[in-house]
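Geometric and topological summary
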Amino acid sequence: MLHIENLHVSIDGKSILTGIDLDVKAGEVHAIMGPNGSGKSTLAQVLAGREGYVVTAGSVRYLGHDLLALEPEQRARAGVFLAFQYPLEIPGVANVQLLRAALNNLRRARGENELDAMDFLDTVKSKLALLGMDDSFLYRAVNEGFSGGEKKRNEILQMAVLEPRLAILDETDSGLDIDALKTVAHGVNALKHPERAVILVTHYQRLLNYIVPDHVHVLAGGRIVRSGDARLALELEDKGYGWLAPDVQGNVQGDVQGDVPMEAPREGRL
Amino acid sequence: MAYPETRNAEVERRVADEYRWGFVTDIEQETVPKGLNEDVIRLISAKKHEPEFMLDWRLRAYRHWLTLTEPTWSSVHHPPIDYQDIHYYSAPKTRAQPKDLSEVDPELLRTYEKLGIPLQEREALAGVAVDAVFDSVSVATTFKDKLESLGIIFCSFSEAVQKYPELVRHYLGSVVPYTDNYFATLNSAVFTDGSFVYVPKGVRCPMELSTYFRINAKNSGQFERTLIIADEGAYVSYLEGCTAPMRDENQLHAAVVELIALTDARIKYSTVQNWYPGDAEGRGGIYNFVTKRGECRGDRAHISWTQVETGSAITWKYPSCILRGDDSVGEFYSVALTNHRQQADTGTKMIHIGRNTRSSIVSKGISAGFGSNAYRGLVKVLPSAANARNHTQCDSLLMSDHCAAHTFPYIEVKHPSARVEHEATTSKIGDDQLFYLRSRGLSEEDAVNLIVNGFCKEVFKELPMEFAVEAQKLLAVSLEGAIG
């Protein structure tokens, strides 16, 4: 489904990714782990088409497309979804308005009829129920005044409604309390399908207690330094990133108390 | 949050889109030679068969105007206007007083169709009566019979002068006197037509009243006069919408609107203004110098202004409320958009005179391209206005690195019990927001429209439904490619 070959990316002339190779097949769940600054989020953003990231070498094929040649909206219409690490606020625009515009855009791109208001509401409400979320979510302005956890859950709601072929979750688990973490995991597990794939970008192992990955890759210094199965994540939990990337420190096991800083893990805590 | 510069070729291209409603209708016009003097005013008055009091009023206004100089306090800039280089009267040569649409010049009707307001269909549309103004003379009025059965008067100003001279005489100039300001004074001297509405005691007008203005004659300034009176306990909602054809010369527009709400009456006045804004370099476009003011003359009266201003090269406009009656309420909801080289200096004045008067102001300014957008508002609480309340919310949205947004709030409070609040924000459409929405499958254009509509939501929800839809479309067209 997704084939990344020798991907080099720089921002403002600074090299961030220095040769990523990754193969994601339909039906698989991949976890990309790594310490801060290893390039995890850059990889997620490049796949979604964020401007300002310069691909200096390599290629990305997605379902037969040259993914890097597509505009962000074309990627979305081709089934790529990025759950943002820091979801944006769109004041005055109700969640339901964005969801409907987005879904109908994707349906048009797939040659399907747009959903009318009633059918759309039925679809969305079934997803809300699936995620155990309240209807009131729909009528609040997109992410405006949402708590960190609500924003992340809102990303998962969007994902559930849009049903992407390739879902990329960029540190969606950071800063979540255990309930929100379960919602996220539930959303991802419900999406699993032989025709779909998921890439979980995460700093911590704890999300992988709820979503069992088929493959785990450790990113350090802009490249994948180790790949393995789910056991690799557990090994990382034991040994820390220092084990694979001696220059960096940081814990792998998440703090499940819900008050974890989003940006950086606290050093010296485990 | 940092806002990196946005560059996008698609967007740049769309900015260059031309004004869609630029065309000239080929109709013979009856035009008075250029220039302004007492003879021209006498001629206008004579052509309209006006009673003596109207001519006197016009002449007094003209003589006062000669003593005035153009105001310079606003933030707009324009080359000097030559008031002797303007035609002060032009009317389409049609058969006298069409009784119905079949008598209206078909060319004229086609013009309205191009604007998307075919009268025949409009007539059929439930709830909307249209008083269409083509240049200076009203050409068609619909739904009149139904309104007449309720005692509601909705007609052209000229007709009102003929049929209801006492009402006109009583109310004309009672909110905006002919001495008010340079442009209102000029209007008082030379206005040619406009709309007149009177809603009798206790009557709730069952439909939205709407007028489409259009400037067409070459070099003819347009001077409209609108007078709306809601008698005790009456209610009326009035919609005003405008587009103008493209041309190179700047056209002056100096309208006056007066609203009078008596005890327990309510007037809701909504405007969507889309006159030709000039080209991308700032050539051409309408100069719009408008005086709009309403007076809550009785207790518990309520006046609400809602405007969506996307057109004109220059917009100079401050729809205001004089809150004279106790417990009266004034509201102002505004979206003003400036793109390319457009300049807008707009806002409101809320004058609190009665006790327990309340006012609220919501102003949304959107600046794109090289546009300049200023909110200018006065909240004045007089010594008589115990317990006056005002809330002002002023938000600016910037869409380019070359545009400007200014806020000039003036607050004068003369009573210690008053409570006046002013909030202001400035934000810029960010690359991050656009990327977020595009990553959900929205095109850049749809993403911009969604963000802008969200920004304007508080104002749009005040517009009648059909107008809100039109306003959103207009904003989308005006903003095509405005990021950059």
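Residues numbered from 1 in each chain as written. Chains lettered and ligands numbered in written order. Predicted model: local features only at pLDDT ≥ 70, side-chain atom pairs only at ≥ 80, totals over all residues. Heavy atoms only, no water.

Some thoughts on the sheet that holds strand 6 (residues 80-83) of chain A
All names here are of chain A. With respect to topology, six strands assemble into an open sheet ordered 6-9-10-3-11-12, the strand pairing being mixed. Every interior strand has two partners, whereas the edge strands, strand 6 and strand 12 (223-228), have only one. Here the average twist between neighbouring strands, direction ignored, is 20°. Summarising the sheet, strand 11 (residues 215-220) and strand 12 pair through five bridges and their orientation is antiparallel. Within the sheet, the bridge partner assigned to Val216 lies in strand 12 and is Gly228. In this fold helix 7 (residues 230-239) packs onto strand 3 (29-33), strand 11 and strand 12, with an angle of close to 45° to the strand it touches most, strand 11. (Pairing = 2+ DSSP bridges. Helix = DSSP H or I, 4+ residues; strand = E, 2+ residues; numbered from the N terminus. Axes fitted to C-alpha atoms, helices over the stretch in contact; angles between N-to-C directions. Contact = heavy atoms within 4.5 Å.)

Let's talk about the interface of chain B and chain A
Between chain B and chain A, the contact holds 21 residues from the first and 33 residues from the second. Summed over both partners, the interface of chain B with chain A buries about 2100 Å², with 58% contributed by carbon and sulfur atoms. Looking at the side of chain B facing chain A, the largest losses of area belong to B:Phe435, B:Tyr436 and B:Arg440, adding up to 37% of the total buried there. Counting the contacts that link chain B with chain A gives five salt bridges. At the junction of chain B and chain A, the tally comes to eleven residue pairs in polar contact (both at pLDDT 80 or more). Elements supplying a minimum of two residues to the side of chain B that touches chain A: helix 10 (431-438) and helix 11 (444-460) of chain B. Each residue belonging to the side of chain B that touches chain A can be placed in one class, and the counts come to eight nonpolar, five polar and eight charged. (Buried area = accessible area lost by both parts, 1.4 Å probe. Salt bridge = Lys/Arg side-chain N within 4 Å of Asp/Glu carboxyl O. Polar contact = N/O pair within 3.5 Å; in protein donor to acceptor, adjacent residues only side chain to side chain. Nonpolar A, V, L, I, M, F, W, Y, C, P; charged D, E, K, R; others polar.)

Here we look at the sheet that holds strand 2 (residues 14-24) of chain A
Residue and element names in this part refer to chain A. Taken in spatial order, the four strands make up an open sheet running 2-1-4-5, and their pairing is antiparallel. The sheet is open, and its two borders are formed by strand 2 and strand 5 (65-66), each paired with just one other strand. Sheet analysis places strand 1 (residues 2-11) next to strand 2, joined by eight bridges and oriented antiparallel. Bridging from a neighbouring strand, Ile4 pairs with Leu22 of strand 2.

With respect to the packing of aromatic side chains
For the structure shown, the criterion picks out 23 aromatic pairs over all chains. Aromatic pair B:Tyr88 and B:Phe223: ring centres 5.5 Å apart, planes at 15°, arrangement stacked. Highlighted residues: B:Tyr88 in the loop between helix 3 (52-65) and strand 2 (90-92) and B:Phe223 in the loop between strand 7 (208-214) and strand 8 (225-230), separated in sequence by 135 residues. The exposure classification of B:Tyr88 matches that of B:Phe223, with both residues buried. Arranged with centres 5.3 Å apart and planes meeting at 85°, the rings of B:Tyr182 and B:Phe183 form a pair that is edge-to-face. Put simply, the rings of B:Tyr62, B:Trp65, B:Trp73, B:Tyr83, B:Tyr182, B:Phe183, B:Tyr287, B:Phe289, B:Trp316 and B:Tyr318 pair up and form one aromatic cluster. Positioned over the ring face of A:Phe137 is A:Arg140, at 5.8 Å from the centre of the ring. (Phe/Tyr/Trp six-rings, centres within 6.5 Å; stacked < 30°, edge-to-face > 60°. Buried < 20%, exposed > 50% of the residue type's maximum accessible area, 1.4 Å probe, protein only. Lys NZ or Arg CZ within 6 Å of the ring centre and 35° of its normal.)

With respect to helix 3 (residues 95-109) of chain A
Residue and element names in this part refer to chain A. An ideal rise of 1.5 Å per residue puts 21 Å on 15 residues; helix 3 measures up with 21 Å between its terminal C-alpha atoms. Buried residues of helix 3: Asn95, Val96, Leu98, Leu99, Ala102, Leu103, Asn104, Asn105, Leu106 and Arg107, and no others. Positive phi appears at Gly111, one or two residues downstream of helix 3, with a value of about 75°. (Expected span 1.5 Å × (residues − 1).)

Details of the pairing of strand 21 (residues 389-398) of chain B
Residues and elements named next belong to chain B. Burial within strand 21 is extensive, with seven of its ten residues counted as buried. Pairing of strand 19 (residues 358-367) with strand 21, which is carried by ten bridges, proceeds in the parallel orientation. Residue pairing across strands places Ser360 opposite His391, the latter belonging to strand 21. Here ten bridges tie strand 21 to strand 23 (residues 419-428), and the two strands are oriented parallel to one another. When the bridges of strand 23 are listed, Asp395 appears paired with Thr425.

What to know about the pattern of salt bridges
For the coordinates displayed, the defined rule picks out 35 salt bridges over all chains. Here B:Asp85 ties to B:Lys34 by a salt bridge, and the two come within 3.0 Å at their closest N and O atoms. Taken as a pair, B:Asp85 in the loop between helix 3 and strand 2 and B:Lys34 in the loop between strand 1 (29-31) and helix 2 (38-47) lie far apart in primary sequence, 51 residues in all. The exposure class assigned to B:Asp85 is partly exposed, which follows from its relative accessible area of 36%. We classify B:Lys34 as partly exposed; its relative accessible area is 40%. For the salt bridge of B:Lys380 with B:Glu412, the shortest nitrogen-to-oxygen distance reads 3.7 Å. Taken together, the residues span a long stretch of sequence, with B:Lys380 in strand 20 (residues 372-381) and B:Glu412 in strand 22 (residues 404-413) at a distance of 32 residues. Look at B:Glu412 and you get partly exposed, because its relative accessible area is 31%. Overlapping salt bridges bring together A:Glu51, A:Glu71, A:Glu73 and B:Arg438 as one network.

Looking at the side chain of B:Thr338
Residue and element names in this part refer to chain B. Following the sequence through the fold, Thr338 ends up in strand 17 (residues 329-338). Taking the relative accessible area as the measure of exposure, Thr338 reaches 1% and is therefore buried. Setting aside anything within four residues of it in sequence, one finds Thr338 in contact with Gln343, Ala344, Ile366, Ser367, Ala368, Gly371, Ser372 and Asn373.

Concerning unusual backbone geometry
All names here are of chain B. With a phi angle near 60°, Arg300 is a residue other than glycine that sits in the positive phi range. Here Arg300 lies in the loop between strand 13 (286-296) and strand 14 (302-309). Looking at Arg300, the relative accessible area reads 44%, which means it is partly exposed. Positioned with a positive phi, Asn356 is a non-glycine residue whose angle comes to about 55°. By secondary structure assignment, the location of Asn356 is in the loop between strand 18 (343-352) and strand 19.

Section: the confidence of the model for chain B
Caution applies to low-pLDDT parts of the model: their predicted coordinates are not meant to be read in detail. Residues and elements named next belong to chain B. Averaged over all residues, the pLDDT of chain B is 82; the fraction at 70 or higher stands at 77%. Ranking the elements of chain B by mean pLDDT puts helix 1 (residues 9-15) last with 44 and strand 16 (residues 320-323) first with 98. In the model, residues 1-17 has pLDDT below 50 throughout and makes 27 contacts with residues more than four positions away in sequence or in other chains. Residue range residues 120-128 is modelled with pLDDT below 50. Its contacts to residues more than four positions away, or to other chains, number 19 contacts. Interface confidence for the predicted complex, expressed as ipTM, amounts to 0.90; the pTM equals 0.80. (pLDDT = per-residue confidence, 0-100.)

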